[in-house]
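Spelled out from the first residue to the last, the chains are:
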Amino acid sequence: MCNEILKIALDVPMDSLFDYSDGGMEVNVGQRVLVPFGNKSRIGVVVGKTSVSKIPLEKLKAIKSVYNDEPLIDEELFSIIKFASEYYQYPFGQALINILPSRLRQIKPAKTRYHYSYEITELGIENDAQSLPPRKVILKKIFYVLKEKRIQSESELGDVSKGWRGAIKTLIEFGFVKEVKQLPVLDISDSKESNFEPTLNLEQKNAIEQVVDNSGKFSPYLLYGITGSGKTEVYMQILKQVLSDNNHQALVLVPEINLTPQLESRFKSRLKHLPIVSLHSNLNESERLHNWVYAQSGKARIIIGTRLSVFAQLPKLKIIIVDEEHDGSYKQQEGMRYHARDIALLRAQQLKIPIIMGSATPSLETWYNTKIHKYALLTLCKRAVTQAALPNIRCLDISKTDIVDGMTSALTTAIQDRLNKGEQSMLFINRRGYSPVLLCRSCHWIASCKRCSCKLVVHLNRKILTCHHCGQEQRIIRQCPNCGDADLCPTGYGTQRIEDTLKKLFPAARVQRVDRDSTRGKDKLSDILSAVVSNKVDILVGTQMLAKGHDFPNLTLVGVIDTDSALFSPDFRASERLFSQLMQVSGRAGRAEKPGEVLIQTAFPEHNLFNALRNHDYANFAEVILKEREMTEFPPYSYLAMIRAEAINYDFVYNFLKYAHEIANLESKEVLTYDPVRPQIERIKGKERGYVLMQATQRRHLHQLLSTLIPKLRETKLGSKIRWNIDIDPQELG
Amino acid sequence: MNTLATNLLVITGEIVKLDDLRYTPAGIPLLSFVVLHVSMQTEADMQRKIELEMPVFAVGALALEAQKLEVSDVVKLTGFLTKRSLKSTQLVMHINKIEIN
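Everything numeric here is computed off the predicted structure, so don't read it as measured data.

### A look at the overall build of chain B
Here is step 1: Tallying secondary structure elements over chain B gives one helix and six strands in all.
Here is step 2: Overall, chain B shows an N-to-C arrangement of helices and strands of β-β-β-β-α-β-β.
Here is step 3: Principal-axis analysis of the C-alpha atoms gives chain B an extent of 50 × 40 × 25 Å.
Here is step 4: Each of the 101 residues in chain B was classed as buried or not, and the buried ones make up 38%.
Here is step 5: Within chain B, contacts between residues at least 6 apart in sequence are counted, and of these 53% link residues at least 24 apart.
Here is step 6: Carbon and sulfur atoms provide 53% of the accessible area of chain B, an area that totals close to 6400 Å².
Here is step 7: Where the 10 positive side-chain charges of chain B centre and where its 11 negative ones centre are 9 Å apart.

### A word on the confidence of the model for chain A
Here is step 1: Averaged over all residues, the pLDDT of chain A is 89; the fraction at 70 or higher stands at 96%.
Here is step 2: The low-confidence segment residues 189-193 of chain A, where pLDDT is below 50, has nine contacts with residues more than four positions distant or belonging to other chains.

### Some remarks on the side chain of histidine 290 of chain A
Residue and element names in this part refer to chain A.
Here is step 1: For histidine 290, the position within the fold is in helix H10 (residues 285-297).
Here is step 2: For histidine 290, a relative accessible area of 9% translates into the label buried.
Here is step 3: Of note is the side chain of histidine 290, whose polar atom sits 3.2 Å from the side chain of asparagine 291.

### Focus on helix H12 (residues 364-371) of chain A
All names here are of chain A.
Here is step 1: Within H12, six of the eight residues are buried, leaving the element largely enclosed by the surrounding structure.
Here is step 2: Every buried residue belonging to H12 is among Leu364, Glu365, Thr366, Trp367, Asn369 and Thr370, and all of these are buried.
Here is step 3: Against strand S9 (219-225), helix H11 (340-351), strand S14 (354-359), strand S15 (376-380), helix H16 (574-586) and helix H18 (618-632) lie the buried residues of H12.
Here is step 4: Histidine 373 sits one or two residues past H12 and shows a positive phi near 65 degrees.

### So, the interface of chain B and chain A
Here is step 1: On the side of chain A, 14 residues touch chain B, which itself brings eleven residues to the contact.
Here is step 2: For the chain B and chain A pair, buried surface summed over both sides reaches about 1000 Å², with 65% attributable to carbon and sulfur atoms.
Here is step 3: Interface area lost by chain B to chain A is led by Pro25, Ala26 and Leu86 of chain B, which between them contribute 54%.
Here is step 4: At the boundary of chain B with chain A, the tally comes to one salt bridge.
Here is step 5: Two residues, arginine 22 of chain B and aspartate 487 of chain A, come together in a salt bridge whose shortest N-O distance is 2.8 Å.

### Thoughts on the sheet that holds strand S11 (residues 276-279) of chain A
Strand pairing in a sheet takes place through backbone hydrogen bonds and is either antiparallel or parallel in direction.
Residue and element names in this part refer to chain A.
Here is step 1: Pairing is parallel in the open sheet, where seven strands are placed in the order S11-S12-S10-S13-S14-S9-S15. A single partner strand is all that each edge strand has here, and the edge strands are S11 and S15. Averaged over all pairs of adjacent strands, the angle between strand axes in this sheet comes to 20 degrees, irrespective of strand direction.
Here is step 2: Summarising the sheet, S11 and strand S12 (residues 302-305) pair through four bridges and their orientation is parallel. The residue of S12 that forms the bridge with serine 278 is isoleucine 304.
Here is step 3: Contacts between H10 and the sheet are confined to strand S10 (249-253), S11 and S12, with S11 contributing the most and set at about 125 degrees to the helix.

### Description of the nonpolar core
All names here are of chain A.
Here is step 1: Counting residues in each nonpolar core, the largest one holds 74 residues, and the members touching the most others are Phe311, Ile320, Ile643, Met694, Leu706 and Leu709.
Here is step 2: Element by element, the count of residues in this core is highest for helix H19 (residues 650-667), at seven residues.
Here is step 3: Ignoring any residue separated from it by four or fewer positions in sequence, one finds isoleucine 643 in contact with Phe656, Leu657, Ala660, Gly690, Tyr691, Val692, Met694, Leu709, Leu713, Trp724, Asn725 and Ile726.
Here is step 4: In this structure, Leu525, Ile528, Phe552 and Leu555 belong to the second largest nonpolar core, which totals 40 residues.

### Some thoughts on the packing of aromatic side chains
The geometry of an aromatic ring pair is captured by two quantities: the separation of the ring centres and the angle between the planes.
Residue and element names in this part refer to chain A.
Here is step 1: Inspection of every chain in the model, using the stated rule, returns 18 aromatic pairs over all chains.
Here is step 2: With a centroid separation of 4.8 Å and 85 degrees between ring planes, the pair formed by tyrosine 87 and tyrosine 88 is classed as edge-to-face.
Here is step 3: Residue classification places tyrosine 87 among the buried positions, given a relative accessible area of 11%.
Here is step 4: Overall, tyrosine 88 belongs to the buried group, its relative accessible area being 4%.

### Details of unusual backbone geometry
Residues and elements named next belong to chain A.
Here is step 1: Proline 635 connects to proline 636 through a cis peptide bond whose omega is 5 degrees.
Here is step 2: Tracing the sequence through the fold places proline 636 in the loop between H18 and strand S29 (639-647).
Here is step 3: We note that glutamine 89 has phi near 55 degrees; this positive angle belongs to a residue other than glycine.
Here is step 4: Positive phi, close to 50 degrees, is recorded for lysine 685, a residue that is not glycine.

### Description of the pattern of salt bridges
Residues and elements named next belong to chain A.
Here is step 1: One pass over the full model with this rule turns up 42 salt bridges over all chains.
Here is step 2: For arginine 270, the salt bridge goes to glutamate 233, with nearest N and O atoms at 3.0 Å. Here arginine 270, found in helix H9 (residues 259-270), pairs with glutamate 233, found in helix H8 (residues 231-242); they are 37 residues apart in sequence, far enough to count as distant.
Here is step 3: What makes arginine 270 buried here is its relative accessible area of 9%.
Here is step 4: The exposure class of glutamate 233 is buried, given its relative accessible area of 9%.
Here is step 5: For arginine 441, the salt bridge is made with aspartate 487, and the minimal N-O distance between the two is 3.8 Å. Taken together, the positions of arginine 441 in the loop between strand S20 (437-439) and strand S21 (457-459) and aspartate 487 in the loop between strand S23 (473-475) and strand S24 (489-491) put the pair 46 residues apart, joining distant regions of the chain.
Here is step 6: The class for aspartate 487 is buried, based on a relative accessible area of 11%.

### Remarks on the state of the cysteines
Here is step 1: Scanning the entire structure with this criterion turns up zero disulfides over all chains.
Here is step 2: Between cysteine 440 of chain A, a cysteine without a disulfide, and cysteine 483 of chain A, which holds the nearest cysteine sulfur, the sulfur-to-sulfur distance is 3.6 Å.

### Considering the packing of H16 of chain A against H18 of chain A
All names here are of chain A.
Here is step 1: One way to put it is that H16 packs onto H18 with a least axis distance of 11 Å and a crossing angle of 170 degrees. It follows from the interaxial angle that H16 and H18 lie roughly antiparallel. The segment H16 lies against H18, with Ser575, Glu576 and Phe579 engaging Tyr618, Phe621, Ile625 and Arg629.

Rules used in this analysis
Residues numbered from 1 in each chain as written. Chains lettered and ligands numbered in written order. Predicted model: local features only at pLDDT ≥ 70, side-chain atom pairs only at ≥ 80, totals over all residues. Heavy atoms only, no water. Helix = DSSP H or I, 4+ residues; strand = E, 2+ residues; numbered from the N terminus. Buried < 20%, exposed > 50% of the residue type's maximum accessible area, 1.4 Å probe, protein only. Contact = heavy atoms within 4.5 Å. Areas by Shrake-Rupley, 256 points an atom, 1.4 Å probe, with all protein chains shown as cover. Lys, Arg positive; Asp, Glu negative; His and termini not counted. Charge placed at Lys NZ, Arg CZ, Asp CG, Glu CD. pLDDT = per-residue confidence, 0-100. Polar contact = N/O pair within 3.5 Å; in protein donor to acceptor, adjacent residues only side chain to side chain. Buried area = accessible area lost by both parts, 1.4 Å probe. Salt bridge = Lys/Arg side-chain N within 4 Å of Asp/Glu carboxyl O. Pairing = 2+ DSSP bridges. Axes fitted to C-alpha atoms, helices over the stretch in contact; angles between N-to-C directions. Core = buried A, V, L, I, M, F, W, Y, C linked by side-chain atoms within 4.5 Å. Phe/Tyr/Trp six-rings, centres within 6.5 Å; stacked < 30°, edge-to-face > 60°. Disulfide = S-S within 2.5 Å. Parallel < 35°, antiparallel > 145°, perpendicular 65-115°, else oblique.

Okay, here's the thing in structure tokens:
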């Protein structure tokens, strides 16, 4: 039984597995082990066993210990990771260890720990803060919260104050509060399912039927449904039917953490009989481990999660849903740069199960695949609420009308009109802060970041200038460092400035800003969103955070402040992204009975993008863009890979990239490798950046080249002074 | 640049327009107003009538002081001239002293 040789995956940047002897312990494939590595110990996962090793037996080190009582990682997950690591040119061990929840990466047994809540006692109710030691602000704060709410969980207390633990300890000593120990449980209510069942239209019924009839084999679908056409309802009905077997599991991928709680609560209220867990990076370590283990054990039936959950171990997986499949957040931007939708497709193919990709504005890659019949197309072109018409979209030509504080008079009139009717408006501007530029009008000096090649953004409410690339902050300078003028001029518009303008124009209206700054802190966004739904907000102004998935029945006007900058972007995907963003934003208007209106301020109202938008014609827009891509041989008509590099000195970057470029040209005639170039933002955090783009009409050629190129790049000394990475199917150029 | 180069303007006039106090991004108060200057001046031994409107900027403590002024107040201002902005040819006065007549 003993002294077998174990093949172990470790989180080290090397392509190989590591051989260890089992040291007389009984070890299974898929178990976590602790191994000596150099002069440290590391966590590894046993991937296989062998009887031969290149290392002589006497030199082979033994593992230190094995973590029993933990579920094993299964063959299916190994094979997915293996494929992903080869496809994305990333070491297998690193890929495997890094998809595990952080608790499983730590050197200790992973136990889902107890959860504690704290409840106020009779004594605590009788006493007031007077009987507590004086001058303890946190203590009193916690005490008052518990007096009011009776019982609070750890995370709730954490939201009240970071120093809650000390306060609770004192309160327990006083006998004012007691600890309540709970084993984490999946909350499933007993009732079978919700009574409310909306009537489906014919398109929805057809879509559901088609998927359910074909379950049990690999069948990819694009569920192309306009905004408000009831895609979520289709998902839920499909899940209900596919999961009617008591074992089956489903994976539902969503783009943003912010969307997860919303979808989760909708699923939970409708599919009450099915245990649902979520997996995303906003969970704390133990929640994540807990949910991961539930998924792995097969107890959780529906797993809703962001991109990382595509690597969750799901032994009974029978269907995958990828909501908003076009969304950029499915692409991982560091480490192994995988695309969760593509991994999901691969998983579905290997498991021979259906996968549904839903979107109102599918990515061109996916759209193209339906055209060549690789994916089946399911169309929903009617709004689910029958009275809800598609919003009327109009462009306001800003080259012909005056703009005051970022807004045309047509837009302000439209907002006033909604205020009179008691309806809500939403303004969309994809730039947070007060203004993107601080300009000296006397000498045209502009405040720019010292570490990045970009301008500093004015955040007037906090009186700071900040760089949105490196995060550095400084107080707003008193005078121009170049000429001394004190009257510096914030130029351009951000969410805060539009918020100010709205408050000035409509002093009685309740204005709410939604951007990364206004939604810091747990539950802040969901609080805001529920305030909107319960009509406590008249005007919303925000960034793309507002664009997705939200359902505000009383919102009838959407105003787009300024999107023209996206029309000038050098990235070939910019117009595709802008279109889908505007389509999504527009979709927020008039989702219930009231008709919606969308007003877009632009200097290019005749641009074909806006024409397609006005007609709600994604298909036509996609045709035009696909033609462009075909002519320029960009995806989906070709496959891209990108080598990015950065260093303090650009010479190091250039020399490395030049070397990569030379080898690539030498090794492959089929792959077109472009010269090293600099991205739009040349320097970030003091690092000079550059990249080489590779393009091939066949994926095979690209990967053939990479398999010889990457090892050479890992070896070269030119790489020692730089940081570099490889991005397969890059979503953003630069 | 010769920092001692002379740029001194002393002018009296009546306030004809007074803007609201505003603040620079760094929080320095700033007030702009316009004075109407009317006088008789001598030029080549000839008397002539002068009438002009002068845009004026007061920054910092002077802005708070100027805020107490009202339209039709007559003031004597001491300060210097500069351009309104880089590409503008219009001159504006920035002040260091206000005296109320």
